[in-house]
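# Examining the three-dimensional arrangement
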Amino acid sequence: MRHLVPIAIFFTALLAQAPTQAQTPNVILIRNATVLTVTHGTIEHGSILIRDGKIAAVGTDVKAPDGATVIDAAGQFVIPGIIDCHSHIAIDGNVNEGGPAVSSMVNIADVLNPADINIYRDLAGGVTTANILHGSANPIGGQTVVIKLRWGKQASQLPFEGALPGIKFALGENPKHSNFGPPAGTPARYPATRLGVEEVIRQAFTEAREYKKQWDDYNRRKATGEPNLLPPRRDLRLEPLVEVLEGKRFVHAHCYRADEILMLARVAKEFGFKVRTFQHVLEGYKIADEIAVTGVGGSTFSDWWAYKMEAYDAIPYNAALMHERGVLVSINSDSAEEARHLNQEAAKSMKYGDLSANDALKLITLNPAIQLGIDNRAGSIDVGKDADLVIYNHDPLSVYAVVQKTLIDGQVYFDRERDLASRPSLEKEKQALLEKEKKAAAEEKKHDEKPEKKQDQKKKPPKPAESSQVVSGGGR
Amino acid sequence: MRIRSSRECASLLLIAACIAATFALAYAAHGEGGEPRYFAITNARIIPVSGPAISNGTIVIAKGLIQAVGANVPIPPEAWVIDGKGLTVYPGLTDAGTDLGLPKPEDSAGAVHARKSAVPSEIASGPEDRPGATPWRVAADELKIDDKRLATWRNAGFTSALTLPDGGVFPGQGSLINLAGERAGDFVVKPAAGLSISFKPIGGFFSFPGSPMGTIAYVRQVFIDANWFAQAQPAYDANFTKFERLPYDRTERVVNKSLRSNEIVLLPANTSVQILRALRLADEWRISAVLLGGQQAYAVTDVLALKKTPVLVSLKWPERPKDADPEAEETLRDLRLRDLAPSTPVALTKAGVKFAFYSDGLAAPKDIFKNLRKALDAGLTTDAALRAFTLDAAEILGVSDRLGSLEPGKIANVIVTDGDIFNEKTKVKHAFVDGRWFEVHEEPPPDKTDEKKPERHADFPEADAAVGR
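Residues numbered from 1 in each chain as written. Chains lettered and ligands numbered in written order. Predicted model: local features only at pLDDT ≥ 70, side-chain atom pairs only at ≥ 80, totals over all residues.

## Structural notes on the overall build of chain B
- Counting secondary structure elements, chain B contains 14 helices and 16 strands.
- Here chain B, with 469 residues, has 53% of them falling under the buried criterion.
- Restricting to contacts in chain B with at least 6 residues of sequence separation, those with at least 24 account for 70%. (Helix = DSSP H or I, 4+ residues; strand = E, 2+ residues; numbered from the N terminus. Buried ≥ 20, exposed ≤ 12 C-beta atoms within 10 Å, placed from the backbone. Contact = placed C-beta atoms within 7 Å.)

## What about the domain arrangement of chain A?
All names here are of chain A.
- As far as domains go, chain A holds domain 1 (23-80 + 379-423) and domain 2 (82-378).
- Across the contact, 20 residues belong to domain 1 and 29 residues belong to domain 2.
- Of all the secondary-structure elements, those providing two or more residues to the side of domain 1 that touches domain 2 are β5 (77-80), β15 (403-408) and β16 (411-415).
- Take the side of domain 1 that touches domain 2: its biggest share by element is three residues, from β15.
- Taken together, the residues that form the side of domain 1 that touches domain 2 break down as 13 nonpolar, four polar and three charged. (Domains from an automatic or database assignment. Nonpolar A, V, L, I, M, F, W, Y, C, P; charged D, E, K, R; others polar.)

## Here's the deal with the environment of lysine 274 of chain A
Residue and element names in this part refer to chain A.
- Considering the arrangement of structural elements, one finds lysine 274 in the loop between α4 (258-271) and β11 (277-280).
- With 14 C-beta atoms packed within 10 Å, lysine 274 lands in the partly exposed category.
- Separated by 99 residues in the primary sequence, lysine 274 and proline 175 place their C-alpha atoms 20 Å from one another.
- When near neighbours in sequence (up to four residues on either side) are disregarded, lysine 274 contacts Ala268 and Val296.

## Structural notes on the sheet that holds strand β10 (residues 265-269) of chain B
All names here are of chain B.
- Taken in spatial order, the eight strands line up as β6-β7-β8-β9-β10-β11-β12-β13 in an open sheet, and their pairing is mixed. Each edge of the open sheet is held by one strand with a lone partner, namely β6 (93-98) and β13 (355-358). For this sheet, the mean angle separating the axes of adjacent strands, direction not counted, is 30°.
- Bridge analysis of strand β9 (residues 188-196) against β10 gives two bridges, and the strand direction is parallel. (Pairing = 2+ DSSP bridges. Axes fitted to C-alpha atoms, helices over the stretch in contact; angles between N-to-C directions.)

## Digging into unusual backbone geometry
- Proline 191 of chain A follows tyrosine 190 of chain A through a cis peptide bond whose omega is 5°.
- Inspection of the secondary structure puts proline 191 of chain A in the loop between β9 (166-170) and α2 (194-223).
- For the bond running from phenylalanine 208 of chain B to proline 209 of chain B, omega is -10°, close enough to zero to count as cis.
- Within the element layout of this structure, proline 209 of chain B appears in the loop between β9 and α5 (212-238).
- Phi is positive for aspartate 52 of chain A, which is not a glycine, with a value near 50°.

## Details of the domain arrangement of chain B
Residues and elements named next belong to chain B.
- According to the domain assignment, chain B contains domain 1 (6-92 + 411-466) and domain 2 (93-314 + 342-396).
- Taken together, the contact between domain 1 and domain 2 spans 19 residues of the former and 23 residues of the latter.
- Breaking the side of domain 1 that touches domain 2 down by element, the ones donating at least two residues are β5 (88-91), β15 (428-433) and β16 (436-439).
- At three residues, the largest contribution of residues to the side of domain 1 that touches domain 2 is made by β15.
- Residue composition of the side of domain 1 that touches domain 2, by class: twelve nonpolar, three polar and four charged.

## Considerations on helix α10 (residues 344-351) of chain B
Residue and element names in this part refer to chain B.
- Taken across its eight residues, α10 has six buried, putting it largely inside the fold.
- Among all positions of α10, only Thr344, Pro345, Val346, Ala347, Leu348 and Thr349 are buried.
- Of the residues one or two after α10, glycine 352 is the one with positive phi, at around 75°.

## Re the confidence of the model for chain B
Residues and elements named next belong to chain B.
- Residue-level pLDDT values for chain B average 87, and 83% of them are 70 or greater.
- Taken as a whole, residues 1-32 scores under 50 in pLDDT and shows 41 contacts with residues more than four places along the chain or in a different chain.
- Confidence drops under pLDDT 50 across residues 107-118; counting only partners more than four residues distant or on other chains, this segment forms 31 contacts.
- Predicted complex metrics record ipTM = 0.90 and pTM = 0.89. (pLDDT = per-residue confidence, 0-100.)

## Some points on helix α9 (residues 332-340) of chain B
- Taken together, the buried positions of α9 of chain B are occupied by Leu332, Arg333, Asp334, Leu335, Leu337 and Arg338 of chain B.
- Contacts from the buried residues of α9 of chain B go to α10 (416-449) of chain A.

## Regarding the sheet that holds strand β10 (residues 250-255) of chain A
All names here are of chain A.
- Taken together, eight strands build an open sheet; the order of strands is β6-β7-β8-β9-β10-β11-β12-β13 and the sheet is mixed. The outermost strands of the open sheet, each flanked by one partner alone, are β6 (82-87) and β13 (329-331). For this sheet, the mean inter-axis angle between neighbouring strands, taken without regard to orientation, is 25°.
- Sheet topology places strand β8 (residues 140-148) next to β9; three bridges connect them, and they run antiparallel. Pairing of threonine 144 across the sheet is with glycine 166, part of β9.

## Here's the deal with the nonpolar core
- Val78 of chain A together with Val89 of chain B are the most contacted members of the largest nonpolar core, which has 244 residues in total.
- Of all the elements, α5 of chain B adds the most residues to this core, at nine residues.
- Beyond its immediate sequence surroundings of up to four residues, valine 78 of chain A is in contact with Ile30, Ala33, Val35, Leu36, Ile48, Ala73, Ile381, Leu389, Val390 and Ile391 of chain A. (Core = buried A, V, L, I, M, F, W, Y, C linked by C-beta atoms within 7 Å.)

## Examining the environment of alanine 74 of chain A
All names here are of chain A.
- Topologically, alanine 74 is positioned in the loop between β4 (69-72) and β5.
- The exposed category is assigned to alanine 74, around which 9 C-beta atoms lie within 10 Å.
- When the C-alpha atoms of alanine 74 and glycine 46 are compared, they prove to be 9.4 Å apart, with 28 residues separating the residues in sequence.

## Considering the pairing of β5 of chain A
All names here are of chain A.
- In this sheet, β5 lies alongside strand β1 (residues 27-36) in parallel orientation, the contact comprising two bridges. Note on β5: the bridge partner recorded for valine 35 is valine 78.
- In this structure, β5 lies alongside strand β14 (residues 389-392), joined through four bridges in antiparallel fashion. Looking at β14, one finds that valine 78 is bridged to isoleucine 391.

What follows is the structure, given as structure tokens:
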């Protein structure tokens, strides 16, 4: 996350939508649309047949089978669902476990909040999948999870099935606490320099190697039937790092400066693991060749920078330049607001760097899908992939494009018309509830004012214990 | 014959006369010395909860236990008889989550971490530092019986409570107490009645755990460590010449013991998201979880029923925060929650999910009953409410063999009222705790000129003196 200290977001007039309980029609046909497949060009007057949540056919001559629900998209555009490779939505509580320099024991998946209104808002911007990351307060941060924005479903139904879990790393000013510090009287945390950040990562992986060795040794001896073995103590901090070493967990590394990016690439090589994505990577254009050679991806902003010292040497050509040098590039949001117009963010690379429309679209679809290891199921409109689709009223790379419908697994999770139509009734319900509360309060007051014969209210008992509070989603 | 208020007895002589008059049959018993231990309430409507109501029956209490309940049971000669005509006898109520009898968190050992200071009192860098972990604290060990609320609650019909330590992630173990006794030890029915866990971050930004995901990871590691200890200790003991010495870790030892004894683990969860999360964690950690809160349980009753996870329902319904910005617009979500939370109890009843009620920091019993009214208005039957306050609470807390209903052999926690227990106008006339009799007095009108003497009408009414305490 760009701004380390989480900013509480207050919602005004938040009309939470009722969970989408739409019956999933088994067969849906979207017809007459301009279909931007990403992998095999644009199909004018194209149709997409969806069966059981998957794309069953794409083309100009696809007919609706009997009983199919037909969505007529004449004059409209369909693209694959947008994939946001860097998001902090849908998290209950703090995005950072900020204390320890290595907070890999915490897992975003434990605190997914399916009721976060930002899920719905991002859906309204065409996002169907998001990489939900821990914050950047630690050289090695918490475990991360890829979710589909299945608004209305339970937390356990959000994770993208089969997507490898990840872990957040962070380099530079945030993990070394450059721009903020603990309250007076609290000792500053190590590391305080970029040298220290590197050392923390080395130290952690050195421990992880040793930990892995202990377990391998134990399992080997156990297999031989050796009696009286004491198993090593499980360490939730080191387990995910062992998974990184074994290639079972992706590293998403927050970084800005060219030197620190090269540093992590060297450390990763030395310990034998891969960095899956460099996140932000604003100076990536300076070392695009080196990044390309290491085979990792870059997930960056279009034109967002200068919010701290390490983010000054940035240019809007970053995505295009890295792309040209063979880096797999995506554009991410890192923000619930920006996630709502990632299509425009991608389009900026057409102006700054002359990317083709299709390559620009890839920045928010196929490329992040590859970065997250889900391109077998998402990222393009191909037969067999999940029916995660967005329908726009205009070319999605134009500023006039407004999302009309967003589908995930062939189910409509956002429908602009339905949303607009539901507002009066939601507002009515809200007013009715407010009225009901007001009435109840008035009655209670009246009741309390009756002369009471009971006198047992004289003494005020000791102050009650701290009250439990309902967490009702949202602000973090 | 009714027991007269002993405050009317002005002198010792009069007291003796009073007793003689009211407990004619008990004179012999009194001769043995000490307070009476045999009682019979006759001609009363009896609601045993475990069985059908008895419209006109007798209940006999002997030496702290219920000896007999029925329409026609013999009255022991030594029993003091209370004419229960027009009165109703219930099992005493249980407040299934409170801090009755416990000092304020500031005073207690494990509460350092609970303070909302910007500077953590110590910096923890991970679960291994065991921040905010005092699972060895047992509420029973910290009881302060001069807490005036003990009598206030008892006078309102509560005879037992689960009282919970506060502070930190593992604040300690709750104890089931009866609400009377001369010494703290007299109160305690079950010292280790529930291992308390809080998911509230305690570290702030600079100390672990500073986030809900941090507290979850922390609790997970402690359970792993406790289970590891269970495995490692015997292996080490059997073969200590081969292994490095095990370090002493009080937290993992205590939590291990708690898990081995199948002690319930109290997981706070109010919203449906929190409830489903807690259920998942309970499965993962293989603990006997009981949820604490349940405000939005109405939305997830099916899962609760499937998992057979009981809920302690907070009687502090969600409300608009008192310090809320009057200009701020309310969310429909909050409004719905506030509207529907009181329907949780009836929804749980319909789904067959066991639940009990707890006062959750409410200042006075009258607030408990006032808030219960909302649940009744939402469709909860008074029978189901009574069950939640008595037998179901006892079952959830693992003491239904001793408490929760009017059955022979159970602890004589009995209340006598002049009407239906949840009727606003009903008054509790007598309360028996462990078979000891407490007459319930109405407090005299507020004395504005005499505020320095609040003790005057306090806990143990003169009635106690009257019966020889």
